[in-house]
Amino acid sequence: MDMPDTVTAAEASHSGFLDGDYDDAAGYYTPGAPLVDSKAPDGPISERWQNRKFEARLVNPANRRKLSIIIVGTGLAGASAAATLGEAGYRVKSFCYQDSPRRAHSIAAQGGINAAKNYKEDGDSVHRLFYDTVKGGDYRSRESNVYRLAEVSTNIIDQCVAQGVPFAREYGGLLDNRSFGGVQVSRTFYARGQTGQQLLIGAYQALERQVAAGTVSMYTRHEMLELITIDGKARGIIARDMVTGEIETHLADVVVLASGGYGNVFYLSTNAMGCNVTAAWRAHRKGAYMANPCFTQIHPTCIPVSGEHQSKLTLMSESLRNDGRIWVPKNQADCEKDPRDIPEEDRDYFLERIYPSFGNLVPRDIASRAAKNMCDEGRGVGPEVEGVRRGVYLDFAAAIERLGRDGVEEKYDNLLDMYERITGENPYEVPMRIYPAVHYVMGGLWVDYDLQSTIPGLFVTGEANFSDHGANRLGASALMQGLADGYFVLPHTIRDYLADGPFEEIAEDHPAVVEARESVKGRIDHFLSVNGTRSVDSYHRELGNIMWEYCGMERTETGLKKAIDLIRGLKDDFYRNVKVLGSAETLNQSLEKAGRVADFFELGELMCIDALNRRESCGGHFRGESQTEDGEAMRHDEEYAYVAAWEWAGEDSIPVLHKEDLVYTAIEMKQRSYK
Amino acid sequence: MKLTLKIWRQAGPTDKGAIHTYQLDDVSPDMSFLEMLDVLNEQLNAEGEEPIAFDSDCREGICGMCGLMINGDAHGPEVTTTCQLHMRSFSDGETITIEPWRSEAFPVLKDLVVDRSAFDRIIQQGGYISVNTGSAPEAHSVPVPRDDAMRAFNVATCIGCGACVAACPNGSASLFMGAKITHLGELPQGQPERDSRVVNMVAQHDAEGFGGCTNIGACTAACPKEIPLDVISQLNKDLRTAIKHGH
Ligand SMILES: Cc1cc2nc3c(=O)[nH]c(=O)nc-3n(C[C@H](O)[C@H](O)[C@H](O)COP(=O)(O)OP(=O)(O)OC[C@H]3O[C@@H](n4cnc5c(N)ncnc54)[C@H](O)[C@@H]3O)c2cc1C
Ligand code: SF4
Ligand code: FES
């Protein structure tokens, strides 16, 4: 698909917005001091990373063995970091909640990974990947970080190939590329529809090699439940052994969170069941700022909800939109009919109608919102769930006519099979039904250029941090970021911090350690003693409904304020009425979920406050109050070209907002338009 | 749909465990098998009985976390993972027996949850290519014939679920191991460590208490990723070659 036409920000910020006087979130937050990234280097953008690597102090190989690093998470961001830091000779402890590091949610990524290799000689370059990523993020990401991401992207492919990652190849034996997610160059490397799996297995194997070498100790089925800070620095974690229930103390010189995204705050999402915010949220409560938490990516091509039992949603690759046509019936009366009986003239190919130049290939957020609008109008299809039909057709009939059934099979067979397995319907005969679902969060813990949070000694990588994708992420860029952070960025920046070592030994009976351990035990005891009437899942589902309704594809001031009230009420009820059976001393999945849901309540409230504060539409964040006359998103750079970094102010206080201004020196800000 | 469920319950690793019988009404054919268990767990929780522990994470057939013996079949009646099995594969009034993976090398931790960490320890013994971060050559410096790359990919899709072990009367992990040996052995990058890899992995496999392969083929029939039986021939071939090389 082509790049959108662009108009300058000045042209676009016409009517509608009144001088930036709005403070929708007044009363919900306290303004704080501005935030600056103290590590961001100056100078030409293409030299910044080289300079920073040179300036970051080195650690003598003989001293590395004396320095310890905790890494929470074994997805692409965590496994790659653990392997690399182990190879460098540090003492690493690696944690994951699954029974094996290979099962981290990165395994589920389908489409591919970007890299500016320019193997196709089609005009790609580091600068173009940088440009596309900043623009795709709707100018809400940090320029220096994104440039570095594009710069190291090429090393990732080399590393993965050397590890034996079986990327798709051409007949000549060289790597194949495809174009992905609406960019004009082919820079996406892929391994059929299982790119995440293959990349993660590569990183997992490198990690296991270090386990065997004795540099990394692996703690599977361990859940981090608290961060230990001493004198303001991160010095360890409290983790629960999920099999024995033991509450363990792990101390170290530095802590890395690579704990993934928090899309499960919506209950239904394409994330794995266990994805959670607990590691990040506990750090947030200890002083790490949370940045742009409301920036959520909603993916248009997921399999719709089939009933109230639904536990998760399944993504189908966006590539389906290349050949499938999306439509709903023109008349509400037809919504129950067999779609094959609805004649052509009674179908509304709404994306092709509203966006004639991009049609079915408009960006994810636009396609998602349009589908929601159709269903809100009562023209959705498929089963009614809670009174509404939430689905639109994705029709391959025309593609089958054009390419033949074989042609379609060759391109999409595994996806169409998956669809049939889940829905029981044959997509070669009946149009598929799709609906948007929460897929990825751009928001996360605030980090500086070194990937260090506002807590010294706490670093954050992968989806858990906020820095590279702004208000919207390009397809195939999350895998790139996770591996960039873990293999090529963190190992350099963390050494500058570790060069201050050796650090003071911490005893397990240090008051701050005891306090952290006791607070974890207290929380667990509380959940087990409430003995109320409602299951954890029922609260989670209700919270998810609130988030989806009011903090999902379209957000408004009234809706968000309502959501905040609802969440506060529900959270209160949860602490008084939740029912968690079993004991703390055994494997107890309800107890695990209770801790996660408790943190999701607090996160959900902050997401709503963040969304309320940002009275502009940008990327995946659409504020009903900020749209053009024909319903398109309107960004307001004068007022909101900043990162909203939120500080936890205590249980009974409102959060503090720190703003990091975004300055672009290598790129000009433009408003997007897809009409 | 109405179902009778006979489910293995075991309080902990040392508990003896037993089959318990539950009734579940109102099961929708559109539910996944694990969603059906979620519904049962909600019912148990409401009645004051501790929910049944079972593993799952991605629920889309790729992480390998789920895995149940369903009426004696690993992952149930279809060629897929437990999480991708749907209730439309069963009929109204049916009795379904649900048990954990049964293998000496996969001890039960609780109810339907087993310990598969032996798989990680097998990988630690050579299921990798030794290349430190940053030391890799340019990716295009070594072309790989497309067919080799495809074959490597096809077997690299193993999700490490353990169904092959659960299905095997000998409790052998040869299919799992053969998939890894073949994946790395098909690629030029995997050659330098080819001999030591197979020897060390097989030694670990045996030390973990997995049984030997007697070519029954139950593993490949149960494998949700359809890893073919010939990876075991490849494994044996590589092992013989390594021994010939003096390993
Ligand atoms: C269905 C799907 C398809 C996708 N497809 C693509 C794609 O094609 N291309 C692309 O670029 N991106 C894609 N993405 C996004 C991408 O997969 C993720 O953003 C990325 O993999 C996240 O990696 P991560 O390492 O940050 O976290 P994860 O892979 O989520 O890993 C998180 C780790 O943290 C651990 N953890 C979490 N909390 C705790 C805790 N409290 N205690 C202990 N351990 C904890 C977990 O055990 C896990 O090991 C996709 C995402 C989804 C959901
Ligand atoms: S070989 Fe098949 S059955 Fe065995 S672990 Fe791999 S995917 Fe599972
Ligand atoms: S839960 Fe991931 S494969 Fe079944």
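Nothing here was measured: the structure is a model prediction, and the numbers come from that model. (Residues numbered from 1 in each chain as written. Chains lettered and ligands numbered in written order. Predicted model: local features only at pLDDT ≥ 70, side-chain atom pairs only at ≥ 80, totals over all residues. Heavy atoms only, no water.)

### Observations concerning the interface of chain B and chain A
Item 1. Across the contact, 77 residues belong to chain B and 73 residues belong to chain A.
Item 2. Across the interface of chain B and chain A, roughly 6,200 Å² is buried in total on both sides, 50% from carbon and sulfur atoms.
Item 3. Interface area lost by chain B to chain A is led by Thr133(B), His140(B) and Phe153(B), which between them contribute 12%.
Item 4. Joining chain B to chain A, the criterion identifies 4 salt bridges. (Contact = heavy atoms within 4.5 Å. Buried area = accessible area lost by both parts, 1.4 Å probe. Salt bridge = Lys/Arg side-chain N within 4 Å of Asp/Glu carboxyl O.)

### Here we look at the site of ligand 2
Residues and elements named next belong to chain B.
Item 1. Around ligand 2, 13 residues are found, and the nearest of them are Cys-158, Cys-161, Gly-162, Cys-164 and Cys-223.
Item 2. Within the residue set of the shell around ligand 2, elements represented by two or more residues are helix H4 (163-167) and helix H5 (174-185).
Item 3. For the shell around ligand 2, the class distribution of residues is 11 nonpolar, 2 polar and no charged. (Near = heavy atom within 4 Å. Helix = DSSP H or I, 4+ residues; strand = E, 2+ residues; numbered from the N terminus. Nonpolar A, V, L, I, M, F, W, Y, C, P; charged D, E, K, R; others polar.)

### Let's talk about the sheet that holds strand S14 (residues 325-329) of chain A
Residues and elements named next belong to chain A.
Item 1. Ordered in space as S13-S19-S18-S14-S15, the 5 strands form an open sheet in which the pairing is antiparallel. At either end of the open sheet lies a strand with only one pairing partner, and these are strand S13 (296-302) and strand S15 (347-348).
Item 2. When S14 meets S15, the two strands line up antiparallel, connected through 2 bridges. Pairing of Pro-329 across the sheet is with Arg-347, part of S15.
Item 3. Contacting S13, S14, S15, strand S18 (392-395) and strand S19 (432-441), helix H10 (residues 364-376) crosses the sheet at an angle of about 65° to S13. (Pairing = 2+ DSSP bridges. Axes fitted to C-alpha atoms, helices over the stretch in contact; angles between N-to-C directions.)

### Re the packing of helix H2 (residues 48-55) of chain A against helix H6 (residues 143-163) of chain A
All names here are of chain A.
Item 1. Where H2 contacts H6, the axes come no closer than 9 Å and their chain directions differ by 90°. Viewed along their axes, H2 and H6 adopt a mutual orientation that is roughly perpendicular. Judged by residue contacts, Arg-48, Trp-49 and Gln-50 of H2 engage Glu-143, Ser-144, Arg-148, Glu-151 and Val-152 from H6.
Item 2. Partitioning the contact of H2 with H6 into residue classes produces 2 nonpolar, 2 polar and 4 charged. (Parallel < 35°, antiparallel > 145°, perpendicular 65-115°, else oblique.)

### A look at helix H12 (residues 478-498) of chain A
Item 1. The largest bend along H12(A) measures about 55° and falls at Val489(A), with the proline Pro491(A) one to four residues further on.
Item 2. Among the 21 residues that make up H12(A), 19 are buried, leaving the element largely enclosed by the rest of the structure. (Bend = angle between axes of the 7 residues up to and from the residue. Buried < 20%, exposed > 50% of the residue type's maximum accessible area, 1.4 Å probe, protein only.)

### Brief notes about the domain arrangement of chain B
Residue and element names in this part refer to chain B.
Item 1. Its domain assignment divides chain B into domain 1 (3-110) and domain 2 (117-244).
Item 2. Here the C-alpha centre of domain 2 lies 29 Å away from the C-alpha centre of domain 1.
Item 3. Domain 1 puts 17 residues into the contact, and the matching count from domain 2 is 18 residues.
Item 4. Seen at the junction of domain 1 and domain 2, the total is 0 salt bridges.
Item 5. Our count for the domain 1 to domain 2 interface comes out at 2 residue pairs in polar contact (both at pLDDT 80 or more).
Item 6. Split into classes, the residues belonging to the side of domain 1 that touches domain 2 amount to 9 nonpolar, 6 polar and 2 charged. (Domains from an automatic or database assignment. Polar contact = N/O pair within 3.5 Å; in protein donor to acceptor, adjacent residues only side chain to side chain.)

### Considerations on the pattern of salt bridges
Charged atoms that come close allow side chains of opposite charge to pair.
Item 1. Considering all chains together, one arrives at 73 salt bridges over all chains under this definition.
Item 2. Between Arg285(A) and Glu651(A) there is a salt bridge, with the nearest N and O atoms lying 2.9 Å from each other. Of the two residues, Arg285(A) sits in helix H8 (residues 278-285) while Glu651(A) sits in the loop between strand S22 (642-647) and strand S23 (656-661), which places them 366 residues apart along the sequence.
Item 3. The class for Glu651(A) is partly exposed, based on a relative accessible area of 47%.
Item 4. Residues Glu208(B) and Arg121(B) are paired through a salt bridge, measuring 2.6 Å at the closest nitrogen-oxygen approach. Highlighted residues: Glu208(B) in the loop between helix H6 (194-207) and helix H7 (218-222) and Arg121(B) in helix H2 (residues 117-124), separated in sequence by 87 residues.
Item 5. Judged by its relative accessible area of 32%, Arg121(B) falls in the partly exposed class.
Item 6. Each member of the salt-bridge network shares a partner with another, and the members are Lys39(A), Arg52(A), Arg57(A), Asp448(A), Asp450(A), Asp496(A) and Asp500(A).

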